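Each chain, letter by letter, is given below.
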Amino acid sequence: MKFLVCISNVPDTTTKITFTPDNKEFNKAGVQFVINPWDEYALTRAIELKEQQGGGTVTVLNVGEADTEPNIRKALAIGADDAIRVNAFPKDAFFVAEQIANVAKDGGYDVILMGKESIDYNGFQVHGMVGEMLGIPTVAPAMKLDMNGTIATLEREIEGGKEIVEVQTPFVASCQQPMCEPRIPNMRGIMTARTKPLKVVEAVGEPARTEVAEYALPPKKQGVKLIPAENAGELIKLLRNEAKVI
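Below is a summary of the structure that appears in this document. Residue numbers run consecutively from 1 along every chain, following the written order of its sequence. The predicted origin of the model limits local features to residues at a pLDDT of at least 70 and limits the giving and counting of side-chain atom pairs to 80 or more, whereas totals for whole chains, interfaces and linings rest on all residues. Based on all heavy atoms of the structure, the side-chain values leave hydrogens and waters out of the count.

**As for a nonpolar patch on the surface**
Then, in step 1: Here, patches come from residues exposed beyond 30% relative accessible area and free of salt bridges, joined within 9 Å for like charges and within 5 Å for nonpolar side chains (Val, Leu, Ile, Met, Phe, Trp, Tyr). Values of accessible area rely on a 1.4 Å probe in the Shrake-Rupley scheme; residue burial ignores everything except the protein chains shown. A carboxyl oxygen of Asp or Glu within 4 Å of a side-chain nitrogen of Lys or Arg is what we treat as a salt bridge. A cluster of nonpolar side chains, Leu235, Ile236, Leu239, Val245 and Ile246, forms an exposed patch at the surface whose accessible area comes to about 420 Å².
Then, in step 2: We call a residue buried when its accessible area falls under 20% of the maximum for its residue type, exposed when it is over 50%, and partly exposed in between, using a 1.4 Å probe and counting protein chains only. Since its relative accessible area comes to 56%, isoleucine 246 is described here as exposed.

**Some thoughts on the environment of glycine 128**
Then, in step 1: Every helix listed is a DSSP run of H or I at least four residues long, and every strand listed is a run of E at least two residues long, numbered separately from the N terminus. For glycine 128, the position within the fold is in helix α4 (residues 126-134).
Then, in step 2: Linking glycine 128 and valine 172, residues 44 residues apart in sequence, is a C-alpha distance of 8.0 Å.

**Regarding the packing of helix α3 (residues 93-105) against α4**
Then, in step 1: Closest axis-to-axis distance for the α3/α4 pair is 9 Å, and the angle between their directions is 45°. Between α3 and α4, the interaxial angle falls into the category oblique. Like other packed secondary-structure pairs, α3 and α4 cross with a definite hand, here right-handed. Seen from α3, the contacting residues are Ala93, Phe94, Val96, Ala97, Glu98, Ile100, Ala101, Ala104 and Lys105; seen from α4, they are Val126, Met129, Val130, Met133 and Leu134.
Then, in step 2: Its residues assigned to classes, the contact of α3 with α4 shows twelve nonpolar, no polar and two charged. Think of each axis as a best-fit line through the C-alpha atoms, taken over the contacting stretch in the case of a helix, with angles from 0 to 180 degrees between the N-to-C directions. Comment on the angle field: the value is read as roughly parallel under 35 degrees, roughly antiparallel over 145, roughly perpendicular from 65 to 115, and oblique elsewhere. Handedness of each helix crossing follows the sense of rotation of the near helix against the far helix: counterclockwise by less than a right angle gives left-handed, clockwise gives right-handed. Every residue pair with non-hydrogen atoms within 4.5 Å of one another is taken to be in contact. Three categories are distinguished: nonpolar for Ala, Val, Leu, Ile, Met, Phe, Trp, Tyr, Cys and Pro, charged for Asp, Glu, Lys and Arg, and polar for the others, with Gly belonging to the last.

**Some remarks on the pattern of salt bridges**
Then, in step 1: All chains considered together, the criterion is met by ten salt bridges.
Then, in step 2: Among the salt bridges present, the one from lysine 28 reaches aspartate 67, with a minimum N-O distance of 3.7 Å. Separated by 39 residues along the polypeptide, lysine 28 in the loop between β2 (9-11) and β3 (33-35) and aspartate 67 in the loop between β4 (57-64) and α2 (69-78) bring together distant segments of the chain.
Then, in step 3: Residue class for aspartate 67 comes out partly exposed when judged on its relative accessible area of 48%.
Then, in step 4: Residue glutamate 155 is joined to lysine 162 by a salt bridge in which the shortest nitrogen-to-oxygen separation is 3.8 Å.
Then, in step 5: What makes glutamate 155 buried here is its relative accessible area of 19%.
Then, in step 6: Each of Arg45, Glu48 and Asp146 takes part in one network of salt bridges that share partners.

**Regarding unusual backbone geometry**
Then, in step 1: The omega angle of the peptide bond from threonine 169 to proline 170 is 0°, so this bond is cis rather than trans.
Then, in step 2: If you trace the backbone, proline 170 turns up in the loop between β9 (161-168) and β10 (171-175).
Then, in step 3: Residue proline 178 is reached from glutamine 177 by a cis peptide bond, and omega for that bond is 5°.
Then, in step 4: Relative to the helices and strands, proline 178 resides in the loop between β10 and α5 (187-193).
Then, in step 5: Of note in the backbone geometry, lysine 244 takes a positive phi value of approximately 55° without being a glycine.
Then, in step 6: Turning to its location among the elements, lysine 244 is positioned in the segment after α6 (232-241).

**A few points about the sheet that holds β4**
Then, in step 1: Pairing between strands requires that DSSP locate at least two bridges from one strand to the other. Here nine strands make up an open sheet; going across it, the order is β9-β8-β7-β10-β6-β1-β4-β5-β11 and the pairing mixed. A single partner strand is all that each edge strand has here, and the edge strands are β9 and β11 (198-202). In this sheet, adjacent strand axes meet at a mean angle of 30° when their direction is disregarded.
Then, in step 2: Pairing between strand β7 (residues 138-148) and β10: three bridges, direction parallel. Bridge pairing in β10 links threonine 138 to valine 172.
Then, in step 3: Packing against the sheet, α3 makes contact with β1 (2-6), β4, β5 (82-87) and β6 (111-115), and its axis sits at approximately 145° to β4.

Right under this line is the structure:
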């Protein structure tokens, strides 16, 4: 069984977000980048399934520039067998999906996994695009994944409940908790990651279909107004005219 796990390089969740003076780019200065937390569920589950089956491979794929390689090596330390980096800045969801599909189409991968979304843009788009480009099923967002030969059983979240589906390989799935418990690299994994293959390929296809007009921070939180319980009319007035929620 061949697994392809797509990972994103994202700012740590504790990062203070700032932008360049023209507000057109994210300011990377002093920012600690990590593997997208949702992608860690996908990576760990792929490794677990490989171990359960007693064989197979787990390949990590990242669309990013050279500065993403420390986190690619971390994924290798967690347990992936090899890695591919598409040497390009991830400009938009379509561009990223196009790169993933291009790598996957000739790789003979049985299962393509990724997080349900990246925590920086929260687009929830790439998995569906990849499945469509490759002409294979997509299951999203998956909370559970088990394999029995070439048949996968997945539990996914739907409006108001859960749905259990079966799908034949190959397929794409996006992952979220409680898929598994993400792993932390151990010393042996860190040492072996240094010698695992990391292949760099160039991007293909068209330039990004979208461009950023401007970034903006959300408005600062306003002070709390306390209204006495007996003054319901004033509360309703504030909710209607200031908060504009009714």
